[in-house]
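Chain and residue survey
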Amino acid sequence: MTVTDSTTGILFGGDYNPEQWSEDVWADDIRLMKQAGVNTASVGIFAWSSIEPEEGRYEFGWLDRVIEMLHDNGIGVILATPTASPPPWFSKAHPEALPTTREGVRLVHGSRDTYNPAAPAYRAAAAAVARALAERYGAHPAIRAWHLHNEYGTVSYGPLVDAEFRTWLQARYGDLATLNRVWHTSFWSQGYAAWDEILAPQQTQYLPNPTQVLDFKRFSADLLLACYQEQIDIVRELSAAPITTNFILPPWLHFDHWNFADASDFVSIDHYVDAAGADGAAHTAFGSDQARSFARGKPWLLMEQAANTTQVGKRILAKVPGQVLANSVQHVARGAFGILFFQWRAPYSGAEFFHSTMVPHAGENTRVFREVTELGALLGRMGELVAQPSAADSAADTPVTGVVNRPRVAIAWDADAWWAAETAGLPSDGFSFHRSARRVHRALWFMGVNVDFVRLDHDLSRYDVVLVPSQLMVTDAQAASLRGFVEAGGHAVVWYFSGTFDGDLHIIPGGYSGAFADLLGVRVEELLPIADGETVELDDGHTASDWSERIELRGAEVLVRFAHGSAQGRARGGAQAAGLPAITRNVVGAGSATYVSTEPDDAGLAAVLANVLARAGVEPDAPGAGDGLEAVRRYAGEGSYLFLINHPDRPRETSAVGTDILSGTAYDGPLTMEPGDMLVLREASASRPN
Ligand code: GLA
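Residues numbered from 1 in each chain as written. Predicted model: local features only at pLDDT ≥ 70, side-chain atom pairs only at ≥ 80, totals over all residues. Heavy atoms only, no water.

**Structural notes on the site of the ligand**
Note the following rule: If a single non-hydrogen atom of a residue is within 4 Å of a molecule or strand, that residue counts as near it. We define a polar contact as two N or O atoms separated by no more than 3.5 Å, with the added condition that, inside protein, one atom must be a possible hydrogen donor and the other a possible acceptor, whereas residues neighbouring each other in sequence contribute only through side-chain atom pairs. Here a cavity denotes grid points, spaced 1 Å and computed from the protein atoms alone, that fit a 1.4 Å probe unable to get out, and a pocket denotes an open set having protein on both sides within 12 Å along at least 5 of 7 lines; residues with an atom within 4 Å of a point are the lining. Whether a molecule sits in a cavity or pocket is decided by its atoms, more than half of which must lie within 2 Å of the grid points. Residues are grouped as follows: Ala, Val, Leu, Ile, Met, Phe, Trp, Tyr, Cys and Pro are nonpolar; Asp, Glu, Lys and Arg are charged; all remaining types, including Gly, are polar.
Close to the ligand lie Phe46, Arg112, Asn150, Glu151, Asp270, Tyr272, Glu304, Phe342, Glu352 and His355. Between Asn150 and the ligand, the recorded distance is 2.8 Å, taken from a side-chain N or O atom to an oxygen atom. Note that an oxygen atom of the ligand is positioned 2.5 Å from one of the side-chain N or O atoms of Glu151. A molecule is said to occupy a pocket when more than half its atoms come within 2 Å of that pocket's grid points, and by this definition the ligand occupies the largest pocket. Its residues assigned to classes, the shell around the ligand comprises 3 nonpolar, 2 polar and 5 charged.

**Let's talk about the sheet that holds strand β7 (residues 267–270)**
As a reminder, the rule being used: The pairing criterion is simple: DSSP has to find at least two bridges between the two strands. Runs of H or I in DSSP of at least four residues are treated as helices and runs of E of at least two as strands, each being numbered from the N terminus. Whether two residues are in contact is decided by their heavy atoms, any of which lying within 4.5 Å being enough. Note on geometry: axes are C-alpha line fits, over the in-contact stretch for helices, and angles between N-to-C directions span 0 to 180 degrees.
Reading across the sheet, the 9 strands line up as β5-β4-β3-β2-β1-β11-β8-β7-β6 and stay open at both edges, with parallel pairing between neighbours. Strands with a single pairing partner mark the edges of an open sheet, and in this sheet they are β5 (243–244) and β6 (246–248). Taken together, the 2 bridges between strand β4 (residues 143–147) and β5 define a ladder with parallel strand orientation. What sits directly across from His147, in β5, is Thr244. Here helix α5 (residues 120–137) sits on the sheet and contacts β3 (76–80) and β4; the angle it forms with β4, its principal contact strand, is near 175°. Sheet strands in contact with helix α11 (residues 323–333) are β7, β8 (300–304) and β11 (336–341), and its direction is about 150° off that of β11.

**What to know about the nonpolar core**
Threshold: Among the buried residues, those of types Ala, Val, Leu, Ile, Met, Phe, Trp, Tyr and Cys that are joined through side-chain atoms within 4.5 Å form a nonpolar core. Note on exposure labels: buried denotes an accessible area under 20% of the residue type's maximum, exposed denotes more than 50%, and partly exposed covers the range between, all computed with a 1.4 Å probe on protein chains only.
Counting 187 residues, the largest nonpolar core has Met382 and Leu482 as its most contacted members. By residue number, the principal contributor to this core is α5, which donates 9 residues. Contacts of Leu482, omitting those with residues within four sequence positions, involve Leu456, Leu460, Val466, Val468, Ala492, Val494, Phe516 and Leu519. The next biggest cluster of nonpolar side chains, apart from the first, holds 18 residues, and it includes Phe165, Trp183, Ala200 and Phe216.

**A few points about the layout of surface pockets**
In plain terms, the rule: Grid points are joined across faces, edges and corners, and a volume is the space filled by probe spheres set on the points.
In this structure, the largest pocket encloses a volume near 680 Å³. Lining the largest pocket are 29 residues, with His271, Tyr272, Val273, Gln311 and His355 sitting closest to its centre. Across the lining of the largest pocket, the residue classes tally to 12 nonpolar, 9 polar and 8 charged.

**A word on unusual backbone geometry**
With an omega dihedral of -5°, the bond running from Phe342 to Gln343 counts as a cis peptide bond. If you trace the backbone, Gln343 turns up in the loop between β11 and α12 (367–380). Here the phi dihedral of Glu151 falls at roughly 45°; this positive angle occurs in a residue that is not glycine. Considering the arrangement of structural elements, one finds Glu151 in the loop between β4 and α6 (159–173).

**Comments concerning the packing of aromatic side chains**
The cut-off we apply is this: Ring pairs are drawn from Phe, Tyr and Trp, using the six-membered ring of Trp, whenever the two centres fall within 6.5 Å, and their geometry is named by plane angle: stacked under 30 degrees, edge-to-face over 60, tilted for the rest.
One pass over the structure, following the stated rule, counts 43 aromatic pairs. With centroids separated by 6.4 Å and ring planes inclined at 80°, the aromatic side chains of Phe12 and Phe341 adopt a geometry described as edge-to-face. Placement of Phe12 in strand β1 (residues 11–16) and of Phe341 in strand β11 is noted, with a sequence separation of 329 residues between them. For Phe12, a relative accessible area of 1% gives the class buried. Cluster of aromatic residues (ring-pair linked, three or more members): Tyr152, Tyr228, Phe247, Phe255, Trp258, Phe260, Phe286, Phe294, Trp413, Trp418, Phe433 and Phe453.

**Overview of the side chain of Gln231**
By the secondary structure assignment, Gln231 is in helix α8 (residues 210–238). The exposure class of Gln231 is buried, given its relative accessible area of 4%. With residues up to four places along the chain from it excluded, the contact list for Gln231 reads Thr81, Thr83, Ala126, Ala130, Leu148, His149 and Tyr152.

**Brief notes about the pattern of salt bridges**
When the charged atoms of two side chains lie near each other, side chains of opposite charge can form a pair. To be explicit about the condition: A pairing counts as a salt bridge when a side-chain nitrogen of Lys or Arg comes within 4 Å of a carboxyl oxygen of Asp or Glu.
Counted according to the given criterion, the structure contains 39 salt bridges. As a salt-bridge pair, Glu422 and Lys217 come within 2.7 Å of each other at their nearest N and O atoms. Of the two residues, Glu422 is situated in the loop between α14 (415–421) and α15 (433–446) and Lys217 in helix α8; the sequence distance between them amounts to 205 residues. Three or more residues joined by partner-sharing salt bridges are found here, namely Asp28, Asp29, Arg31, Arg345 and Glu364.

**Regarding the pairing of strand β10 (residues 315–318)**
Bridge count for strand β9 (residues 309–312) against β10 is 4 bridges, and the pairing is antiparallel. Following the sheet pairing, Thr309 is matched in β10 by Ala318. The hairpin formed by β9 and β10 contains 2 residues between the paired strands, and Gly313 there has a positive phi angle of roughly 60°.

Shown next, in the form of structure tokens:
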């Protein structure tokens, strides 16, 4: 099961939707693909109505011709199942399989993702079209991989969902007494006497039951995983090609990346940069660090990015010249074995006609297509990065397995914790798991420090620093795992309100952040959220916002105290913590546990991180990295490669030893990187870690 081999090098290409064009355009597609160095096309993603125009009647002729044409021209196919976009005949025949919103509105056909994952008719139709495709193309030599569905993430409500939810709850709790206890249904007279009284948490009069809502999110994620698994089982039976589904990485979450990755042969992500300049580069690093982390040693691929546009607020901005090259190389530095785009050619009509493409509306004689071609050539010079790493890994017969980067710092990432932070009725509506994780990741990126994501109950022993920015809910196993990590010499940083809830979303008695209280050496007696828009001063000269607490020390030392708040803050409660500990540290065994009980400003956050990194002896992968000069070491074959990217700003000094595989130039010591410069240095000295 290989997606890449010594002949393919790094995969390069994108979503290819020839069903949207007349066949006379196809030959021109091939000509331009060859010109750009495209070696991979993802086909069929939303093509259900072209493949199955009526129930059970398949039209494979056009797809046969497309696959043969690509194959004849040396372009590999990632074949999709089209199940994210049911055709009109399906919705007409099965209106109950349309999605229903939380408000109880059943949506109609007319866009994509118009399906209800709990509807038996949808599941059967999806399975049938997946089987038909796998039977016809499963053994075709052009098929490099399967791309099942597109961006799983649809949530639905309604009677079919209620029934599935009850079945899921019965499996989880066994009996109603247990469910009533875990959901604490004695509050507001919610005690259930029969299973069929239970509904999915649709819009109701006032605050919903918190654990019911959390369980529904867990259930919805499991339902999507079941849809994915059904297709995996069908395709596996009929094809040896590896299987993936493209993860969407937005600020909302409807599935669990970890278990979707476990079910996949390789991970793939769609990444759309949401900021300009260095912040966009930081966001790119965030996405690819997630992909590599979720993959846990399996290969990963960038399945979609935009060739030219960035959605910033309500405008679609153009990428600056060179940006798509730099962003792509960032992904490769972090382990991607392929760089693909949504999509190949710009349509002149259809919903996404202004989404940028590899071949723009204005055609081949454009800056964008020239950069795409340049990128193809650049990636073509990096083929050795997908070499088989070692005898042990080759036995597994997958490319790029095992360690591709080796960050010593990890950020805790957990779907349950994300959903817990969305609970209504918390003391602040400012919690966002995604925002907190991204803020810490961004701060580290600007410090030049590379980072993984990890679930706290995974193996933490390969890290020196574990950061826990917003893990409001923690299981006993996760709390024990973090303690074991610190006792063994690791350094942890835990942010406010983390560890306040147990795995059932119940507050742990005895003080907030109770799951981590012993480890942190503090008792959080009282929560003192700071009014919206207010800041308070810390005695290290930084400011902070959002949150403060009345903390009693139980072994921890104080690193920083709250000084005093603004006048408005005093009037509105923001300064109540004046004089109290803001940041503490507890030494445990050979390690330490730092607690940050507020939201420091950017400089304050960098200071907290610098402190713990210094304690753990963690440094960037190259001297001078940070603040827009990116240094990432990627392991491949038996050796290592140092990627240096100077995101356009100013010349930067660093130092490295190795030969740049892009230009063939050898470097041996101090060097200056001009804005936009990129080097991929094959290092003679470093060797691949286990
Ligand atoms: C997603 C989808 C694509 C396309 C892009 C546009 O990633 O998978 O089909 O809609 O968004 O940004």
